[in-house]
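Below, each chain spelled out in residue letters.
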Amino acid sequence: MDKIDKTKSWKKFESIIILFIFIILFGVLANISLSVPIHRWGDGSTYYMQISSITEDHDIQYQPIDIQRALLNRFDDLPAGLFLIKTDDGNYFYGKEFSYALFASPFFALLGNHGILFFNALMFWLMILMGFFYLRKKGNSPILSFFISLIFFILSTAFVYIIWIHAEIYNMFLITGGIFFWSLYIEDNKDKYLIIAAFIFGLATVAKLPNCLIFLPFLCYELYNRQLKR
């Protein structure tokens, strides 16, 4: 009886330690995202001005007011490298898929320019959390699950993209989330997980069309098992 009680006490203590570590990790990532200098990398001008336009004008149309706001909040050579699409009627729109900008806009509204990087950091932290839950569900200890998940993501190139105003972490987050919920569906056989996974897969495909190739094996799996409805 004492041995069972000690085991329960240790598991409870271990859970508290893991929770505490995740809180510290979130604080570290948040601090990085809110304190590092902001630079324009790659297509950063397009994403930044698209986020600003969604927040301020509630649209993704390029207008003179967008340039004025960019110059007032300029960093590096913003708005250099802007990618636009011209319509037949002479209007201009930002030439990037807008779901990343849409989800980042509330953080931009609350925290300014660094809010975009905070959004990146939050998604990165959630990926580590999903990795932890996946490994823990496989029977690994909480400590081992945490450190394996942490090392996997920290050592990836995704860590660098936290400080980029770019959709790379967003795409990685959608792929990770879709696979995570699909794995829960396979193990628990609950349709709610399949619905969540399908929604995320849809977002990932809209965000970047080649992402759909990653999910084709899951579709083939369902067809192989003759789960045509699913």
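In this report, the structure presented in the accompanying data block is examined. Because the structure is a prediction, the values reported are computed rather than measured. (Residues numbered from 1 in each chain as written. Predicted model: local features only at pLDDT ≥ 70, side-chain atom pairs only at ≥ 80, totals over all residues. Heavy atoms only, no water.)

**Quick notes on the pattern of salt bridges**
Phase 1 of the analysis: For the coordinates displayed, the defined rule picks out six salt bridges.
Phase 2 of the analysis: The partner of Arg40 in a salt bridge is Asp77, with the nearest N and O atoms 2.6 Å apart. With Arg40 in the loop between helix 1 (2–35) and helix 2 (44–57) and Asp77 in the loop between helix 3 (64–72) and strand 2 (84–86), this pair connects stretches of sequence that are 37 residues apart.
Phase 3 of the analysis: Residue class for Asp77 comes out partly exposed when judged on its relative accessible area of 34%.
Phase 4 of the analysis: Note that Asp43 is salt-bridged to Lys96, the shortest N-O span being 2.9 Å. Pair noted here: Asp43 is in the loop between helix 1 and helix 2 and Lys96 is in the loop between strand 3 (92–94) and helix 4 (99–111), with a separation of 53 residues, a long-range link.
Phase 5 of the analysis: A relative accessible area of 24% places Asp43 in the partly exposed class.
Phase 6 of the analysis: Residues joined in a network through salt bridges with shared partners are Asp57, Asp66 and Arg69. (Salt bridge = Lys/Arg side-chain N within 4 Å of Asp/Glu carboxyl O. Helix = DSSP H or I, 4+ residues; strand = E, 2+ residues; numbered from the N terminus. Buried < 20%, exposed > 50% of the residue type's maximum accessible area, 1.4 Å probe, protein only.)

**Quick word on a nonpolar patch on the surface**
Phase 1 of the analysis: Judged by side-chain polarity, Leu213, Leu216, Leu219 and Leu223 come together as a nonpolar surface patch covering roughly 380 Å² of accessible area.
Phase 2 of the analysis: Counting through the fold element by element, Leu223 comes out in helix 9 (residues 212–224).
Phase 3 of the analysis: Taking the relative accessible area as the measure of exposure, Leu223 reaches 48% and is therefore partly exposed. (Patch = residues over 30% accessible without salt bridge, like charges linked within 9 Å, V, L, I, M, F, W, Y side chains within 5 Å. Areas by Shrake-Rupley, 256 points an atom, 1.4 Å probe, with all protein chains shown as cover.)

**Some points on the nonpolar core**
Phase 1 of the analysis: Judged by nonpolar contacts, the single largest core of 55 residues is most densely connected at Phe22, Leu25, Tyr48, Tyr100, Phe124, Ile165 and Tyr170.
Phase 2 of the analysis: Mapped by element, the contributors of at least two residues to this core are helix 1, helix 2, helix 4, helix 5 (113–137), helix 6 (142–154), helix 7 (168–188), helix 8 (191–207) and helix 9.
Phase 3 of the analysis: Sorting elements by how many residues they give to this core places helix 5 first, with eleven residues.
Phase 4 of the analysis: Those residues in contact with Ile165 that lie beyond four places of it in its chain are Ile38, Gly44, Tyr47, Tyr48, Phe75, Tyr100, Ile116 and Leu117. (Core = buried A, V, L, I, M, F, W, Y, C linked by side-chain atoms within 4.5 Å. Contact = heavy atoms within 4.5 Å.)

**What to know about the sheet that holds strand 3**
Phase 1 of the analysis: One open sheet accounts for three strands, arranged 1-3-2; its pairing is antiparallel. Looking at strand neighbours, the two that pair on one side only are strand 1 (61–62) and strand 2, the edges of this open sheet.
Phase 2 of the analysis: The pairing of strand 1 with strand 3 spans two bridges and is antiparallel. Within the sheet, the bridge partner assigned to Gln61 lies in strand 3 and is Phe93.
Phase 3 of the analysis: Against the sheet, helix 2 makes contact with strand 1 and strand 3, and its axis sits at roughly 105° relative to strand 3, the strand it touches most. (Pairing = 2+ DSSP bridges. Axes fitted to C-alpha atoms, helices over the stretch in contact; angles between N-to-C directions.)

**What to know about the packing of aromatic side chains**
Phase 1 of the analysis: A complete count under the given rule lists 30 aromatic pairs for this structure.
Phase 2 of the analysis: Plain terms: the ring middles of Phe22 and Trp125 are 6.1 Å apart, the flat faces sit at 85° to each other, and that makes the pair edge-to-face. Taken as a pair, Phe22 in helix 1 and Trp125 in helix 5 lie far apart in primary sequence, 103 residues in all. Across the pair, Trp125 and Phe22 agree in class, each one buried.
Phase 3 of the analysis: Here Tyr48 and Phe108 contribute two aromatic rings whose centre-to-centre distance is 5.8 Å and whose plane-to-plane angle is 90°, an arrangement assigned as edge-to-face. One end of the pair, Tyr48, is in helix 2; the other, Phe108, is in helix 4, with 60 residues separating them in the sequence. Per residue, the accessibility class of Tyr48 equals that of Phe108, and both read buried. (Phe/Tyr/Trp six-rings, centres within 6.5 Å; stacked < 30°, edge-to-face > 60°.)

**Quick look at unusual backbone geometry**
Phase 1 of the analysis: In this chain, Leu78 is followed by Pro79 through a cis amide linkage whose omega measures 10°.
Phase 2 of the analysis: In this model, His58 sits at a positive phi of 60°, which is unusual for a non-glycine residue.
Phase 3 of the analysis: Note on placement: His58 falls in the loop between helix 2 and strand 1.
Phase 4 of the analysis: A positive phi is found at Asn189, a non-glycine position, where the angle reads about 55°.
Phase 5 of the analysis: Turning to its location among the elements, Asn189 is positioned in the loop between helix 7 and helix 8.

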